[in-house]
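# Results of the structural survey
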Amino acid sequence: MTEIDNYNKTCSIFNLEDGALTFARNDKYLKIVLNETDKDIFLLLPYNIDMELVSHLPKNIKYMILTERDSIEYVWTFIHNRIHENTEPAPVIYGENCNIHPTALIGIHGNTYAISPDRHRIHLKEIGGIVIGDNVDVEAYSIVHRSCFGNTEIGNDAKVCVMCNIGHNTKVGERTYIAPGAKLGGGTQIGSDCFLWQNIVTHSQVKICDKVMIGNASYVHKDITKSGIYVGSPAKYIKPFDERVLKGEIQW
Ligand SMILES: CC(C)(COP(=O)(O)OP(=O)(O)OC[C@H]1O[C@@H](n2cnc3c(N)ncnc32)[C@H](O)[C@@H]1OP(=O)(O)O)[C@@H](O)C(=O)NCCC(=O)NCCS
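Residues numbered from 1 in each chain as written. Predicted model: local features only at pLDDT ≥ 70, side-chain atom pairs only at ≥ 80, totals over all residues.

## Here's the deal with the overall build of the protein chain
Stated precisely, the cut-off is as follows: Only DSSP runs of H or I reaching four residues or more are called helices, and only runs of E reaching two or more are called strands; each is numbered from the N terminus. A radius of gyration in this sense is built from C-alpha atoms; the matching globule rule multiplies 2.2 Å by the number of residues raised to 0.38. To assign burial, the other C-beta atoms lying within 10 Å of each residue's own C-beta are counted, with C-beta atoms placed from the backbone; 20 or more indicates buried, 12 or fewer indicates exposed, and intermediate counts indicate partly exposed. Residues are scored as being in contact if the C-beta atoms we place from backbone atoms lie within 7 Å.
Regarding its fold elements, the protein chain presents three helices and 25 strands. In terms of overall dimensions, the protein chain is globule-like: its C-alpha atoms have a radius of gyration of 20 Å, near the 18 Å expected for 252 residues. The C-alpha extent of the protein chain, read off along each of the three principal axes, is 65 × 40 × 35 Å. Looking at the protein chain residue by residue over its 252 residues, the buried ones come to 33%. Within the protein chain, counting contacts between residues at least 6 apart in sequence, those at least 24 apart form 25% of the total.

Following this line, the structure appears as structure tokens:
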């Protein structure tokens, strides 16, 4: 029995929980842990991690450094799937007056896979749920993915048009409008009163603040922290957000 066998809980690196086992894919992710060192966690680390960073880990954070032969995603996914073999996923919760088209798929599994030593892909078991607020529409052929941990969330009065993909752990703010074909990568966080026009794509984990409009077919690859209109690939600021659009006084 190894020390890892004592753990019956896993957590995300973005939401550390006492007594849980997680992993830092590389130095960038280890720095996230170093910013929040009060939690008692067990950390799997890859063979090529910066040992200078590791030396700053406090005593309450236990860790194991894997060998060059180990895929860190695979080792962690294997342990996570074993711990949660019998865990039921959290439910899908709907608010009032939602309009979910019969062809929309709410709560299907995400697309997170790890590669096993014999080069098969193993699916990461999702145990999270979905929370949909009041007056939300999800139109035909759109997909809202279940999260691994926590919830994928769509805020009150948000509208998701046809053929959109809402990735796992995404948060969509209140009154945000998502036009046909938009693809939101896993963990994307969209503020309130945003307009994401047709076929936009967000990189996973990107954060977009309130009152942002993204032009057709744009690609958002890093956080947007200032309200405004952004276009292109990568999306760049072109002008201020026009508040009149919120009252329907102007249309695009
Ligand atoms: C984002 C948007 C609202 C900007 O419209 P706008 O304020 O009228 O801006 P403009 O058309 O004056 O364009 C300003 C500049 O950005 C560029 N631009 C506009 N939209 C762009 C886009 N999606 N991608 C790349 N560049 C874009 C223009 O070429 C122009 O560049 P220039 O100044 O070098 O000529 C508009 O491009 C858009 O995407 N509208 C979506 C409308 C829509 O599809 N509605 C139906 C949804 S179901």
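## Concerning the sheet that holds strand 14 (residues 165–166)
As a reminder of what qualifies: One requirement defines pairing of two strands: DSSP has to find at least two bridges between them.
The parallel open sheet is built from six strands, whose spatial order is 6-11-14-17-20-23. Taken across any chain shown, the strands that pair with only one partner, and hence form the sheet edges, are strand 6 (105–108) and strand 23 (219–220). As paired elements, strand 6 and strand 11 (residues 143–145) share three bridges and run parallel to each other. Looking at strand 11, one finds that isoleucine 106 is bridged to valine 144.

## Structural notes on the environment of tryptophan 197
Secondary-structure assignment places tryptophan 197 in the loop between strand 19 (195–196) and strand 20 (201–202). Here the alpha-carbon distance between tryptophan 197 and aspartate 40, two residues 157 residues apart in the chain, equals 43 Å. Among residues more than four places away in sequence, those in contact with tryptophan 197 are Ala179, Ile214, Gly215 and Asn216.

## Remarks on helix 3 (residues 72–83)
Selection criterion: Expected span of a helix: the number of residues minus one, times 1.5 Å. Here the arc refers to the directions that run from the helix axis out to each C-beta atom.
In a regular helix each residue adds 1.5 Å, so twelve residues correspond to 16 Å; helix 3 covers 17 Å between its end C-alpha atoms and thus fits that length. Taken together, the buried positions of helix 3 are occupied by Ile72, Trp76, Thr77 and His80. Taken around the axis of helix 3, the buried residues stretch over an arc of 115 degrees, which confines them to a single face. Of the surrounding secondary structure, the elements contacted by the buried residues of helix 3 are strand 1 (20–23), strand 2 (41–45), strand 7 (113–115) and strand 8 (121–123).

## A closer look at the pairing of strand 2
Here strand 2 lies mainly inside the structure; five of its five residues are buried. Of the two faces of strand 2, the one lined by Ile41, Leu43 and Leu45 and the one lined by Phe42 and Leu44 are each fully buried. Pairing analysis gives four bridges linking strand 1 to strand 2, with the strands arranged parallel. What sits directly across from leucine 21, in strand 2, is phenylalanine 42.

## Details of the nonpolar core
Applicable threshold: Joining buried Ala, Val, Leu, Ile, Met, Phe, Trp, Tyr and Cys residues through C-beta atoms within 7 Å gives a set, and that set is a nonpolar core.
Among the nonpolar cores identified, the biggest contains 31 residues, and Leu196 and Ile214 are the most heavily contacted of them. Taken together, the elements giving at least two residues each to this core come down to strand 9 (129–132), strand 19, strand 22 (212–214) and strand 24 (228–231). Counting residues per element, this core draws most heavily on strand 22, which supplies three residues. The residues contacting leucine 196, other than those within four sequence positions of it, are Ile178, Ala179, Ala182 and Ile214. Counting 19 residues, the second-largest nonpolar core is a separate cluster that includes Ala20, Ala24, Phe42 and Phe149.

## What to know about the sheet that holds strand 9
Hydrogen bonds along the backbone pair up the strands of a sheet, which may run parallel or antiparallel. One open sheet holds the six strands; their spatial order is 4-9-12-15-18-21, and the pairing between them is parallel. Since the sheet does not close on itself, it has two edges, and those belong to strand 4 (92–94) and strand 21 (207–208), each with one partner. Across two bridges, strand 18 (residues 189–190) lies against strand 21 in parallel orientation. Residue pairing across strands places glutamine 189 opposite lysine 207, the latter belonging to strand 21.

## Looking at the site of the ligand
What counts here: To decide nearness, the C-beta atom of each residue is placed from the backbone, and the residue is near a molecule or strand if that atom lies within 6 Å of it. Under the scheme applied here, ten amino acids are nonpolar (Ala, Val, Leu, Ile, Met, Phe, Trp, Tyr, Cys and Pro), four are charged (Asp, Glu, Lys and Arg), and all others, including Gly, are polar.
The local shell around the ligand holds 14 residues, among which Trp197, Gly215, Asn216, Val231 and Trp252 are the closest. Taken together, the residues of the shell around the ligand break down into nine nonpolar, five polar and no charged.

## With respect to the pairing of strand 25 (residues 236–239)
Pairing between strand 24 and strand 25: three bridges, direction antiparallel. Within strand 25, the position partnered with tyrosine 230 by the bridge is tyrosine 237.

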